[in-house]
Amino acid sequence: MAIDLKAVEQLATDQSSLKAAAGLAKPANWSGVGGSPDGALIWGECAGSGANPYRVMADLRDLGNKCTCPSRKFPCKHVLGLLWLNAESIVPFAPADTPAWVSDWLGRRRGTSAAKPASAGAPTVDKDLRAARALEPEAPEDPKDAARREAQAAKRNEDTERAILDALDALEQWIGDQLRLGLSSFIDDATARCRRIAARLVDGKAAALASRIDELPSRLLALAAGDRPRGAVVELGKLVLLARAFRATPRDAEIRRAVATSETRETVLADPQSPRVNGHWEVLAEQVQTRRDGLVSQTTWLLNLAASGPRFAMLLDFFPASAGRRGSVFTSGERFRGELVFYPSQQPLRALLVRRDAADETLVSEWPAPGHTLSDALTRPLLAEPWMIELPLLLPQGRIARDDSGAAWWRAADGTATLPVAGSAEGLLTGTELTRTAAIWSGNRLTILAAQSPWGRIDGHD
């Protein structure tokens, strides 16, 4: 079963969608492309602006389609791009078993979900495939305009850096005030106080640092009452270290990312210093959190199944809370072969997924050995990035038990280490022998992502 480009043209809501689809109809933008044996269903994953690719699927029998992107156009440019790939046979749609995410969509489809061309009675804009394919001619640039633009960019960067430095001065003065007034009063009024200084940091172009401070009260309240003064000292101390690191190296991309804002996807992909890792990965867990600034952070943790390279990868996306819950493009425990591009860092962790394919069926199911002693794993990353909030760990053999108060603790099998566990840690995790455990260390608690036992994999929420 096949379609032609005329059908793609008719489906497009406007010329801009058609033009965008033409730009996406290139093999480099897609991974995991496949189709059902009868050719009726096609699917693929398209690289987007976020860390995770968008999952795109279509039924060629009635041109029903679905994409996980947040576009309000139906169909979106990614669907049109997938159909374009199929219409011109730009990539092979190899027959394969239908992925679970496509089957789920088919099960939820209604009879009215098929895509339909715009109504004949509705006002339409002319759409032209040839115009969509055409490359826009680049007008020669006036050297004076280029020099003027570079000067303006340099001036903006200088103004931004000065604004950030002024905001950091205000932050350090604020920290000194909190210590002078006493930690007890700070903890009692942390939400209001943090919100005020966070607003000052936003005005000073230090948006990432503002978000971190806005979430500080919730991190303190997650601690036991007796641990909160110590936790406040640690949190405030890390803020001072980060502020002084920015003053020392304001152009450092890693420090700027923690204070101001992250690079765009395009900047990371184009940076020759961005590490690229091609290998097998396992999805450990997904964490979804609504932030105080109205955004939802969607964090997907991956484990590198190879013995070398970064042990963990963190895929991080943000979207407005008003948009509602977004479906995940991953399933906990799934494995895939893919290429990740990491943000430049002394300890690469945050990454972008640029390609994903099916995992090698011969891949060994066991997770790799931790590689470092637990002491090194807990301390070495902090020497390079002492303001770090969360540290992913791969723990050796151990188990989770409870003390007399009911608190949960992870204990190493050799008795050399004991670490407190966040939450109740109920279910299969408690008492089971864990051969490997993937967790996040926040400086005072472990959050279990997933674990392996002699009987199989256990999710952190099981």
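Rules of the game
Residues numbered from 1 in each chain as written. Predicted model: local features only at pLDDT ≥ 70, side-chain atom pairs only at ≥ 80, totals over all residues. Heavy atoms only, no water. Buried < 20%, exposed > 50% of the residue type's maximum accessible area, 1.4 Å probe, protein only. Helix = DSSP H or I, 4+ residues; strand = E, 2+ residues; numbered from the N terminus. Contact = heavy atoms within 4.5 Å. Salt bridge = Lys/Arg side-chain N within 4 Å of Asp/Glu carboxyl O. Core = buried A, V, L, I, M, F, W, Y, C linked by side-chain atoms within 4.5 Å.

- Per an unreviewed UniProt entry, the protein chain is named SWIM zinc finger family protein, and its organism is Bradyrhizobium zhengyangense.

**Overview of helix α9 (residues 207-214)**
Along an α-helix, residues three or four apart share an orientation, since each turn contains 3.6 residues.
Argument step 1. Taking burial as the measure, the eight residues of α9 include six buried ones, the bulk of the element.
Argument step 2. When α9 is considered as a whole, its buried residues turn out to be L209, A210, S211, R212, I213 and D214.
Argument step 3. The inward-facing, buried residues of α9 abut α6 (143-181), α8 (190-203), α10 (216-221), α11 (228-248) and α12 (253-259).

**Some words on unusual backbone geometry**
Argument step 1. Here the residue pair F74 and P75 is connected by a cis peptide bond, since its omega of 0° sits within 30 degrees of zero.
Argument step 2. Structurally, P75 can be placed in the loop between β4 (64-67) and α3 (77-87).
Argument step 3. For S89, which is not glycine, the phi torsion reads 50° and is therefore positive.
Argument step 4. In this structure, S89 sits in the loop between α3 and α4 (100-108).

**Observations regarding the pattern of salt bridges**
Argument step 1. Summed over the entire model, instances satisfying the criterion amount to 25 salt bridges.
Argument step 2. Here K73 and D14 are joined by a salt bridge, their closest N and O atoms 2.9 Å apart. Here the residue K73 occupies a position in the loop between β4 and α3, and D14 occupies one in the loop between α1 (5-11) and α2 (15-24), the gap between them amounting to 59 residues.
Argument step 3. Put simply, E45, R55, E334 and R356 are held in one network by salt bridges that share partners.

**A look at the nonpolar core**
Argument step 1. Formed by 33 residues in total, the largest nonpolar core has its most connected members in L171, W174, F186, L201, L209 and I213.
Argument step 2. Those elements that provide at least two residues to this core are α6, α7 (183-188), α8, α9, α10, α11 and α12.
Argument step 3. For this core, the leading source of residues is α11, giving eight residues.
Argument step 4. Counting residues in each nonpolar core, the second largest holds 30 residues, with A58, L60, V79 and F93 among its members.

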